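# Coordinate analysis (summary)
Listed below are the residues making up each chain.
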Amino acid sequence: MKKRLTRRDFVIQAAITGVSFSSLPAVLAACGQGTATPSSSKPSKLVIAAVQGNEDGPLKKVAPAYKDQTGITIEIVEFPYDQLFEKLVTTFQANGSSYDLCMMDDPWMPKFGTLGALQPLDSFGFTRDSDIPAVVYDVGTWPPPHGPVPPSEQGKSQHLYGITIVGNVEMFMYRSDKSGAPKTWDEVLSNAAKYNAASFYGYVIRGKATNPVSSDSLPILWSFGGNIFDDNWKVQLDSSDSITAVDFLTRKLKKYAEPGPENTDAADRSRLMAIGQAYQSTVWPGEITGIVQDPTVSQVIGKVAYIPMPQGPSGKGLGMMGNWLLGIPKGSKNGAAAADFIKWMLKTDNMRNYVAQGGIPIRKSILNDASLTSANPYFPALAQSFDAVPNWRPRTDQWNAVETVYGTQMNKAVAGLATPKDAMTAAADQIRTLMKNAGYPS
Amino acid sequence: MRRNGLIYASRVAAIALGMAVVGVLYAFPLYWLVATSLKSKAELYASTISLVPRHPTLQPYVSVLIDRGFWVLLKNSVLVCASTVVVTLAVGLLITYPITRLPVPVGLRVGVLNWALSLRFLPPIAVVIPYFAIVRTLQIYDQPIALIAIYSLFNLPFAIWMLKGFLAEIPMEIEEVALVDGANRWTAFVRVLFPLAAPGLLAAGIIVFTFAWSEFLFALILTATPNAQTFPVGVQGLVTQFEIIWNEMAAAGVIAMLVPLLLMVIGRRYMVAGLTFGVIREK
Amino acid sequence: MRAGRPRRSRQERLAYLILLPALGTVFVIVTIPFILAVVQSITAEDGSLVGLRNYARALGNPLLYDALRATGLYALIVLPSEVLLGLAFALFVHRTVRRPALRATLYVLAILPLVVPPVAVGVVARLIYAPGYGVLNVILMSLGITHQEIQWLGRPVLAMLSVASVDIWQWTPFVYLVLFAGLQTVPHESVEAAQVDGANWWTQFRHIELYYLRPLFLLIFFFRVADVLRVFDHIFILTGGGPGTTTQLLSLYMYRTEFKFFDMGQAAALAVVVLISISVVYSLITRALPLERA
């Protein structure tokens, strides 16, 4: 037999429930340790959100020197590439103060710039140093000084939001003990055919889905005259030049590539080169310092040479930027101190020290310093790449989505699941819809 | 008779052989995890893969715990998971005790149990952003308490079902005897019921600990620094863009395995009972 | 009788007193995100209300149905395998292994996959299946079974089987443990009686053990289905959803919408749809196969 609740019982229960609800936040907050208080004077530490891997290794090594000189501890919190981006976006959307500085891959700049997530560096007194390539300042400026500007950002005044601390520009590596430097992509192909052998792959394709294959294929796309967008944000992926480029990579070069290119990432690619099973491939400086030139794991030291990107049929050899910038989140309470740290990193002496720890510099004087070339054989190629003004990825806040679509279709083409034409047509259609929904001209 | 025996024996032998093959397949990934954790970096880059580490070394373990400072994350994991067990069991008891030991309408009992089970169907990815917003509003971002709350929530279904099984099995008379003797509910609970339910609580606690131990998504989103980051976040961090540090990753995996493994081995007597969720009753 | 009634109602009141605050708090904590998700799903990036547009986009996206298909296929592969394998092992060990020491060892072996972090499982799987350095190919080629590298992660069918195999490896022991424990509670007398009657193992299973195990089967089924809808970690590391979108299961798809496309509105709409669908399906199933009888 059911018992009815009397009014008294109901009131008691409601009161208890209400009390427990209202006290819950207080209890939780009391258990927490409180948030950072804004500091007007010098902070005792700065927190940097960094990307885990070769890119932040040298940063971690030089950070203690900053403490010795200024007394400020640098705490570096590391995340893998994907998670760093998510962490930063969620932090920015909540205007969090957890991080005083953040490392950003340059393609993320448009998203952060559009969100207004960073503190402008020019307000901290940064001016252009002639020893640093102009393109470094350009890539850290929002809205971008050249190339198409997203519609919502046109009319905004330009500010510098980030400065490069890892001068990544995508280059090309090949076994110099076997041949001379290829000048064009056609030479790359013929060399690949010539030297391909069992367990010695003529060309290694970094074909894993989304970011990896996108980074690997864009320089080829550009060198053939193709592109993702033109200057008015019109999608160009299904143009004949683009499809030719994709066909070159996924059909012609693939003949001499390692098995399973659709699953190969940078780590796998550099490993193949380091153990002497690859003849040539594109490469990022981070892989060079971390693996290919690392004496503890590499069997090919002294046998590999580095050059800027070979030229395509259009006569252009377009390298691609992948700089890692250091910026200051808007929510940081230690903006001035953070800016001081960035300035410290850029000082020539400190940068030399940074290079000694395996860092990738951006100062022209250091890159062209002949005394450093034997320890860092890729410096001349990097200097040349900077001078040639490398391309950067499309400056749109939708880049993540675009890269995901493009990278998925490219991966299909590399895997042989779709023809170059079908893959690029599908990608072009999806990206058109995506951009249209985001308010770009179509 | 003998022929039957022979056929029977050969059948058992065949099945045993099949089981052995499956056993090898099953154990191999575990072996490979441990083997990889003992290899040096140079060996990972050798041209041929060796099935047994050529120069086994404990360097990856040292590197993970000390050089990378993961012992802090390990400490956080222990703190968060232990607290989760306490909170989950407490809340679980608050919900399970009334519906198993006190006269409530049958509909309520069935309803609560079914609702509890349905919580398990909640895909974390569907609710991670709203929880992030809540955590920020309550200002408990990057604090262990946020993880404890979420983990308790997601492990509650399991705990409720296990506790329900254990509590329902204990005869009502035991408590009634204590009540008739003059004790109130609370004393009856502490003195009489609790000791009897302890094995069940232990089993539930161990399982909750294990599930909370490996959780990754919320740990990543709701924390920002080693203040509250747990071990799985660190393990994932070894998968970098340009290099997957295989040996350290494997070492971290082995370390992560050891704590819950130890718990499960120590508590194995209760585990067997706990795993049937008390659904099966002794006839 | 009359003296008994006030006491019972007091007990009932006590029950509600204990139950409702705890239940209520949990209920609120569970429902708030749902409400937030609903709100987010009907707002645009600039905060204005846009009605059901996000739902139309979410449901109209063909990638959603690819993800559902992939999830369904995955479930079809892993659920029967895990249940049948786990049952086979449980029966086998229960019938033929008598020594407690051996049983204890098997127990320890069986819990190992449960305590390895999913990330580590994914990494080991990658070390086994990856092209180039994957140890599986190395073993197969050295045994002479195959002469060319098999692209475990590159071909769609093989990729799905590879990620499914990891799931089976991880969860079959769980099924084994649960069913094995269940078999322990089967009364010996019934079994012996059946054996005396000359029943073979199949009849014995069908008529005696199955009866005791039925509720456990249901429970396992529910938990595993729930987990398949949430599976993420090891697939993310092993294939990232590839090749193409062949192994992009539901949670990977939602992750991509949320964190790659940053389409918060669509992600929220998707979340709401998923939550509602699951609730509906769940109530239908529990009505047909009640776990907890009155």
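Predicted model only: the values in this text are computed from it and were never measured.

## Structural notes on the overall build of chain B
- Secondary structure assignment for chain B yields 13 helices and 0 strands.
- Listed N to C, the secondary structure of chain B is α-α-α-α-α-α-α-α-α-α-α-α-α in terms of helices and strands.
- Compactness check: chain B gives a C-alpha radius of gyration of 24 Å against a globular reference of 19 Å for 283 residues, more than 25% above the reference.
- Split into buried and exposed, the 283 residues of chain B put 59% on the buried side.
- The long-range fraction of contacts in chain B, counting pairs at least 24 apart against all pairs at least 6 apart in sequence, stands at 74%.
- Each charge class in chain B was averaged separately, 19 positive and 12 negative side chains, and the resulting centres sit 9 Å apart.

## Overview of the overall build of chain A
- Helix and strand counts for chain A come out as 16 helices and 10 strands.
- Structurally, chain A occupies a C-alpha span of about 90 × 65 × 45 Å along its principal axes.
- In chain A, buried positions account for 60% of the 442 residues.
- Nonlocal contacts in chain A, meaning residues at least 24 apart in sequence, comprise 76% of its contacts between residues at least 6 apart.
- Here chain A holds 42 positive side-chain charges and 40 negative ones, and the gap between their average locations is 7 Å.

## A few points about the pattern of salt bridges
Residue and element names in this part refer to chain A.
- Tallying each qualifying case throughout the model produces 23 salt bridges over all chains.
- Linking Asp106 and Arg395 is a salt bridge whose minimum nitrogen-to-oxygen distance equals 3.1 Å. Here Asp106, found in the loop between strand S3 (101-105) and helix H4 (109-115), pairs with Arg395, found in the loop between helix H14 (379-387) and helix H15 (399-415); they are 289 residues apart in sequence, far enough to count as distant. Each member of the pair, Asp106 together with Arg395, is buried.

## Focus: the interface of chain B and chain A
- With 35 residues of chain B at the contact, the number on the chain A side is 43 residues.
- Both faces combined, the contact of chain B with chain A buries some 3200 Å², and carbon together with sulfur accounts for 58% of it.
- Where chain B touches chain A, the interface holds 1 salt bridge.
- Between Lys41 of chain B and Asp294 of chain A there is a salt bridge, with the nearest N and O atoms lying 3.5 Å from each other.
- Connecting chain B to chain A are 6 residue pairs in polar contact (both at pLDDT 80 or more).
- Elements with a minimum of two residues in the side of chain B that touches chain A: helix H2 (41-44), helix H6 (124-137) and helix H10 (217-222) of chain B.
- Of the residues in the side of chain B that touches chain A, the class split is 21 nonpolar, 10 polar and 4 charged.

## A few points about the domain arrangement of chain A
All names here are of chain A.
- Looking at the assigned domains, one finds that chain A contains domain 1 (45-166 + 321-387) and domain 2 (171-320 + 396-437).
- Look at where the C-alpha atoms of domain 1 and domain 2 centre, and you get two points 26 Å apart.
- Each partner contributes residues to the interface: domain 1 has 22 residues there, and domain 2 has 22 residues.
- Both faces considered, domain 1 and domain 2 share a buried interface measuring about 1800 Å² in area, 67% of it formed by carbon and sulfur atoms.
- Taken together, the connections running from domain 1 to domain 2 amount to 0 salt bridges.
- Counting the contacts that link domain 1 with domain 2 gives 3 residue pairs in polar contact (both at pLDDT 80 or more).

## Here we look at the confidence of the model for chain A
- Here chain A shows a mean pLDDT of 86. Residues at 70 or above account for 91%.
- A low-confidence stretch, residues 1-40 of chain A stays under pLDDT 50, and its non-local contacts, those more than four residues away or across chains, total 38 contacts.

## Considering helix H11 (residues 335-346) of chain A
Residue and element names in this part refer to chain A.
- Over its 12 residues, H11 extends 17 Å from the first C-alpha to the last, a length consistent with the 16 Å expected when each residue adds 1.5 Å.
- The element H11 is extensively covered by neighbouring structure, given that 9 of its 12 residues are classed as buried.
- Listed in full, the buried residues belonging to H11 are Gly335, Ala337, Ala338, Ala339, Phe341, Ile342, Trp344, Met345 and Leu346.

## A look at the sheet that holds strand S9 (residues 304-307) of chain A
All names here are of chain A.
- A sheet is described by the order of its strands in space; here 3 strands give the open sequence S8-S7-S9, paired in antiparallel fashion. What marks the edges here is a single partner per strand, and that holds for strand S8 (280-283) and S9. Across this sheet, the average inter-strand angle for adjacent strands is 25°, counted without regard to direction.
- Across 4 bridges, the pairing between strand S7 (residues 171-175) and S9 is antiparallel. Bridge pairing in S9 links Met173 to Tyr306.
- Where helix H6 (residues 185-195) meets the sheet, it contacts S7 and S8, and its direction lies at approximately 135° from that of S8.

## Description of the interface of chain B and chain C
- Facing 85 residues of chain B, the contacting portion of chain C comprises 86 residues.
- The junction of chain B with chain C conceals about 8000 Å² of combined surface from both sides, 82% of it contributed by carbon and sulfur atoms.
- Between chain B and chain C we count 0 salt bridges in total.
- The interface formed by chain B and chain C contains 3 residue pairs in polar contact (both at pLDDT 80 or more).
- When residues of the side of chain B that touches chain C are assigned to their parent elements, the largest contribution, 13 residues, is made by helix H1 (residues 2-37) of chain B.

## Regarding the environment of Met160 of chain C
Residues and elements named next belong to chain C.
- In this fold, Met160 is placed in helix H7 (residues 156-184).
- Sequence separation between Met160 and Thr246 is 86 residues; the distance between their C-alpha atoms is 7.2 Å.
- If near-sequence neighbours (up to four positions away) are discounted, Met160 is found in contact with Ala70, Leu73, Tyr74, Ile77, Thr246 and Thr247.

## Regarding unusual backbone geometry
Residue and element names in this part refer to chain A.
- Pro143 follows Trp142 through a cis peptide bond whose omega is -10°.
- Relative to the elements of secondary structure, Pro143 occurs in the loop between strand S4 (141-142) and strand S5 (159-160).
- Even without being glycine, Trp233 reaches a positive phi, approximately 65°.
- Mapped onto the secondary structure, Trp233 falls in the loop between helix H7 (211-223) and helix H8 (240-252).
- Look at Val389: it is not a glycine, yet its phi comes out positive at around 50°.
- Secondary-structure assignment places Val389 in the loop between H14 and H15.
- A residue is classified by how much of its surface remains accessible, and Val389, at 44% relative accessible area, is partly exposed.

## Some points on the side chain of Arg224 of chain C
Residues and elements named next belong to chain C.
- Locating Arg224 in the fold gives a position in helix H9 (residues 201-230).
- Of the residues examined, Arg224 reaches a relative accessible area of 1% and is grouped as buried.
- Only 2.7 Å separates the side chain of Arg224 from the side chain of Asp167, close enough to count as a polar contact.
- Sequence-distant contacts of Arg224, defined by excluding residues within four places in its chain, comprise Leu79, Glu82, Asp167 and Trp171.

## Re the nonpolar core
- Counting 281 residues, the largest nonpolar core has Phe112 and Phe341 of chain A, Phe218 of chain B together with Tyr74 of chain C as its most contacted members.
- It is helix H7 (residues 144-169) of chain B that provides the largest number of residues to this core, a total of 17 residues.
- By size, the runner-up hydrophobic cluster in this structure holds 50 residues, among which are Tyr203, Leu253, Ala418 and Met435 of chain A.

## Some thoughts on the sheet that holds strand S1 (residues 45-51) of chain A
Residue and element names in this part refer to chain A.
- Spatial ordering of the open sheet is given by S2-S1-S3-S10-S6, a layout of 5 strands whose pairing is mixed. A single partner strand is all that each edge strand has here, and the edge strands are strand S2 (73-79) and strand S6 (162-166). Along the sheet, successive strands turn relative to each other by an average axial angle of 30°, direction set aside.
- For S1 and S3, the ladder comprises 2 bridges, and the chain directions are parallel. When the bridges of S3 are listed, Ala49 appears paired with Cys102.
- Contacts from helix H2 (residues 57-70) reach S1, S2, S3 and S6 within the one sheet, and its direction differs from that of S2 by about 160°.

The rules behind the values
- Throughout, a residue's number is its position along its own chain's written sequence, starting from 1.
- To read the labels, note that chains go from A and ligands from 1, taken in the order they are written.
- It should be noted that, the model being predicted, local features are given only for residues of pLDDT at least 70 and side-chain atom pairs only at 80 or more, the latter also being counted only at that level, while totals for whole chains, interfaces and linings use all residues.
- Only heavy atoms go into the side-chain values, all of them from the structure, while hydrogens and water stay out.
- We count a stretch as a helix when DSSP gives it H or I for four or more residues in a row; a strand needs E for two or more, and each element gets its number in order from the N terminus.
- Our radius of gyration is a C-alpha quantity, and the globule rule it is checked against amounts to 2.2 Å times the number of residues to the power 0.38.
- Burial classification: accessible surface area is computed with a 1.4 Å probe over protein chains only, and a residue below 20% of its type maximum counts as buried, one above 50% as exposed, and the rest as partly exposed.
- Here, residues are in contact when the closest pair of their heavy atoms is within 4.5 Å.
- Counted as positive: Lys and Arg. Counted as negative: Asp and Glu. His and the chain ends are not counted at all.
- To locate a charge, the coordinates of NZ of Lys, CZ of Arg, CG of Asp or CD of Glu are taken.
- Here, a salt bridge means any Lys or Arg side-chain nitrogen found within 4 Å of an Asp or Glu carboxyl oxygen.
- Using a 1.4 Å probe, buried area is obtained as the accessible area two parts lose upon being combined, added over both of them.
- N or O atoms closer than or at 3.5 Å make up a polar contact, with two conditions inside protein: a donor-capable atom paired with an acceptor-capable one, and, for residues adjacent in sequence, both atoms drawn from side chains.
- Throughout this entry, Asp, Glu, Lys and Arg are counted as charged residues, while Ala, Val, Leu, Ile, Met, Phe, Trp, Tyr, Cys and Pro are counted as nonpolar. The remaining residues, Gly among them, count as polar.
- All the domain ranges listed were derived from an automatic or database domain assignment.
- The predictor attaches a confidence to each residue, and that confidence, scored 0 to 100, is pLDDT.
- Helix span, expected: 1.5 Å multiplied by one less than the number of residues in the helix.
- Strands were regarded as paired on the criterion that DSSP finds at least two bridges between them.
- To get an axis, a line is fitted to the C-alpha atoms, and for a helix only the part in contact is used. The angle between two axes follows their N-to-C directions and goes from 0 to 180 degrees.
- Take the buried Ala, Val, Leu, Ile, Met, Phe, Trp, Tyr and Cys residues and link them wherever side-chain atoms come within 4.5 Å; each set so joined is a nonpolar core.

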